[in-house]
Structure formats: C-alpha cells, structure tokens
Amino acid sequence: MIKKTVDEIKKGYNSQDYYDLWRDKSKYYNIITEITQRCIKENICFASKEKKVLDAGCGTGRNIQLLLNLGAKKVVGIDLTPKLLNFAKNKFKDNKKIQLFQHNLEEKLPFKNESFDVVICCKTLPHINNIKQTLNEFNRVLKKRGIMMIDFYSPYSFRRLFANKDYLRYTRWDPISRIKRHLKTENLEITKVYGERTFMITEFLVNNFGLYRLFRWLENKFTNNNFFNKLSGIYTVVAKKP
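From a predicted model like this one, the values you see are computed outputs, not experimental measurements.

Trainee: Can you walk me through the overall build of the protein chain in this structure?
Mentor: Broken down by element type, the protein chain carries 12 helices and seven strands. For the protein chain, the proportion of its 242 residues judged to be buried stands at 53%. A separation of at least 24 residues holds for 74% of the contacts in the protein chain among residues at least 6 apart in sequence. Split by element, the accessible area of the protein chain, about 12,300 Å² in all, is 51% carbon and sulfur.

Trainee: Looking at this structure, how should I read the pattern of salt bridges?
Mentor: Side chains that carry opposite charge are capable of pairing whenever their charged atoms lie near each other. In the structure shown here, the tally under the stated rule is 10 salt bridges. In this structure, the salt-bridge partner of R169 is D166, at a minimum N-O distance of 3.8 Å. Here R169 pairs with D166, and both are found in helix 8 (residues 165–169), just three residues apart, close to one helical turn. Taking relative accessible area as the criterion, D166 reaches 40% and is therefore assigned partly exposed. The network of salt bridges with common partners includes K108, E137 and R140.

Trainee: What should I look at first to understand the packing of aromatic side chains in this one?
Mentor: For any pair of aromatic rings, geometry is given as the distance between the ring centres together with the angle between the planes. Scanning the entire structure with this criterion turns up 12 aromatic pairs. Note on Y153 and W173: the rings are 5.7 Å apart at their centroids and 50° apart in plane angle, and the pair reads as tilted. Pair noted here: Y153 is in the loop between strand 5 (142–152) and helix 7 (158–162) and W173 is in the loop between helix 8 and helix 9 (176–185), with a separation of 20 residues, a long-range link. Aromatic side chains F222 and F228 sit 5.3 Å apart centroid to centroid with 65° between the ring planes, which places their arrangement in the edge-to-face category.

Trainee: Looking at this model, I keep getting lost on the nonpolar core. Mind explaining?
Mentor: Grouped together as the largest cluster of nonpolar side chains are 40 residues, with contacts concentrated most on I44, L67 and M149. The set of elements that each furnish at least two residues to this core consists of helix 3 (27–43), helix 4 (64–69), helix 5 (82–91), strand 3 (98–102), strand 4 (116–121), strand 5, helix 11 (212–221) and strand 7 (234–240). Broken down by element, this core gets its largest block of residues, seven residues, from helix 3. Ignoring anything within four residues of it in the chain, the contact list for L67 reads I40, I44, F46, V53, A72, V75 and I120. Core analysis: the second largest hydrophobic core is formed by 28 residues, L183, Y235, V237 and A239 among them.

Trainee: I'm lost on the pairing of strand 3 in this one. Help?
Mentor: A regular strand carries its side chains on alternate faces of the sheet. Relative to strand 3, strand 2 (residues 74–79) runs parallel, the two sharing five bridges. Paired with G77 across the bridge in strand 3 is L100. Between the parallel pair strand 2 and strand 3, the chain is carried across by helix 5, and the sense of this crossover is right-handed.

Trainee: So what exactly am I meant to see when it comes to helix 9 here?
Mentor: Residues lying three or four places apart along an α-helix face the same way, a consequence of the helix completing one turn every 3.6 residues. Within the sequence span of helix 9, burial applies to I176, I179, H182 and L183. The buried residues of helix 9 occupy one face: seen down the axis, they fall within an arc of 120°. Facing away from the buried surface of helix 9 by more than 90 degrees, the exposed residues are R181, K184 and T185. On the buried face of helix 9, the contacting elements are helix 6 (131–141), strand 5, strand 6 (189–196), helix 12 (226–229) and strand 7. Just past helix 9, the residue N187 takes up positive phi, approximately 60°.

Trainee: Just checking my understanding: could you explain unusual backbone geometry for this structure?
Mentor: For residues that are not glycine, phi is negative in most cases, and the peptide bond is trans in most cases. Even without glycine at this site, K123 takes up a positive phi of about 60°. For K123, the position within the fold is in the loop between strand 4 and helix 6. Residue R197 is not a glycine yet carries a positive backbone phi of 50°. As for its position among the elements, R197 is in the loop between strand 6 and helix 10 (203–207).

Trainee: Teacher, can you tell me more about the side chain of N43 here?
Mentor: By the element assignment, N43 lies in helix 3. In terms of polar contacts, N43 uses its side chain to reach the side chain of Y194, at 3.0 Å. Those residues in contact with N43 that lie beyond four places of it in its chain are I147, K192, Y194 and V238.

Cut-off values and rules
Residues numbered from 1 in each chain as written. Predicted model: local features only at pLDDT ≥ 70, side-chain atom pairs only at ≥ 80, totals over all residues. Heavy atoms only, no water. Helix = DSSP H or I, 4+ residues; strand = E, 2+ residues; numbered from the N terminus. Buried < 20%, exposed > 50% of the residue type's maximum accessible area, 1.4 Å probe, protein only. Contact = heavy atoms within 4.5 Å. Areas by Shrake-Rupley, 256 points an atom, 1.4 Å probe, with all protein chains shown as cover. Salt bridge = Lys/Arg side-chain N within 4 Å of Asp/Glu carboxyl O. Phe/Tyr/Trp six-rings, centres within 6.5 Å; stacked < 30°, edge-to-face > 60°. Core = buried A, V, L, I, M, F, W, Y, C linked by side-chain atoms within 4.5 Å. Pairing = 2+ DSSP bridges. Right-handed = clockwise from strand over helix to strand, strands pointing away. Arc of directions from axis to C-beta. Polar contact = N/O pair within 3.5 Å; in protein donor to acceptor, adjacent residues only side chain to side chain.

Taken by themselves, the reported measurements are silent on function.
Right, here's the structure in full:
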C-alpha cells in the first residue's frame, strides 16, 4: 500500500537535481537502461506507417530520443513532476515531434479513445495507487493492435528486501501473476516479459569490486526467463491489444 500522498511523491522527485547525472554515471543504472532500451528496440517498430507514442511518466525524457530514432512520428510525454518535465522540455525544445505536459496518472487521461499506437510507462506504475484504473485508461487510448510496455516491481526481489523505509512508503510491489490478471481483464495479450535487477543485489555491489561485467551478463542472459522474472526488482511487460 502506498502511504505517501501524490503531492509528497511529486515533491520528492521534484527535489532530485541529480536525477539524470546519477543515472548516467551509475554502472548499475546503465544495465537497467540497457535492458529497458533493448525491450523497446525488440518490440516496437515504426517502419511501415506513422506511429504516435504516449510516454506516460516520461520524467526527463530518457526514452524519447530512442523512440524518435526508431521512427516515431509523434511522442507525447506526460509526467507528474514539473522539474523533471522542464528538463525534458529544455532537452527537446526545438523538436516539433514532441509534446510534453504535466499530468497525474491517477486521473483520467486527456486523450480520445484509440489515440496512440504505442503506450509505454517505465518505473512509474509502482508509485500509482489504483493501477487498475490507470491500466484501463492506457487501454482506452491505445489503438487496436497497439503495443503497451509497462514496468512493475516484484515483491520477491532483492530490491524489495533491501529497500529503505521511505521508499517503501510510496512504492507498491506486484507479482507477475497479479499483473497478468489485470491485463487479462483488459483483454490484452502478454507477448514477452523482461526482468531487470534480478541478480544485482545492491547498487553498491554492482558499482564496485569489478563485478559490473558479471552482473551485466547475468541480467541480459536471463532477462526473458520466466522463472527468474518472478524475482526481478523491475520487470517489464509487453502486451498487445487485439
């Protein structure tokens, strides 16, 4: 159960001036980013026709450039946190293919039905109270035969075991079985699951002691393993709308 209010969560992320700086320097986070981007590359293709993407919880826009490189014609990014969103706006201020604005994912999305070919939501749903409602909204704005790519955190992971008390106050932990039930209710078909932070016990351990290459190999080697994904600190579900 999430015990922090939306305003408390927004304030916490709004104070993280080091957000991108830390992620760019961290070997631990480099592995997570690599698998997230691998998931995007392997499952999202814009080659044949114009595609419109919703990046829900876009933060500083870390995935937006990749989506454009793959051929997206329009990317709409929404996020709760003004400071992270302003960073993204400055980064892409001259790009007319990108639209960025503030929105709370606990509320109804301001888009018409079947507006997007792809909906992605990375590292955000674990901080949402009513994910049923949010998933329903994602499904509503997703076109038929569209792709949804969404992240969750496993309660059986090292990440959950070593999480600090404050982080636990605004984070939910959902087993894959629960998410499968939610997506089945939405009539969405799961096509693949990617695990991240399955073997990386702590960030400190990855960034030190010369173990980066070992952890990187393990995480990439077993990212699509159905057994290990149940233990992943982060797992990404790729689903398709019929």
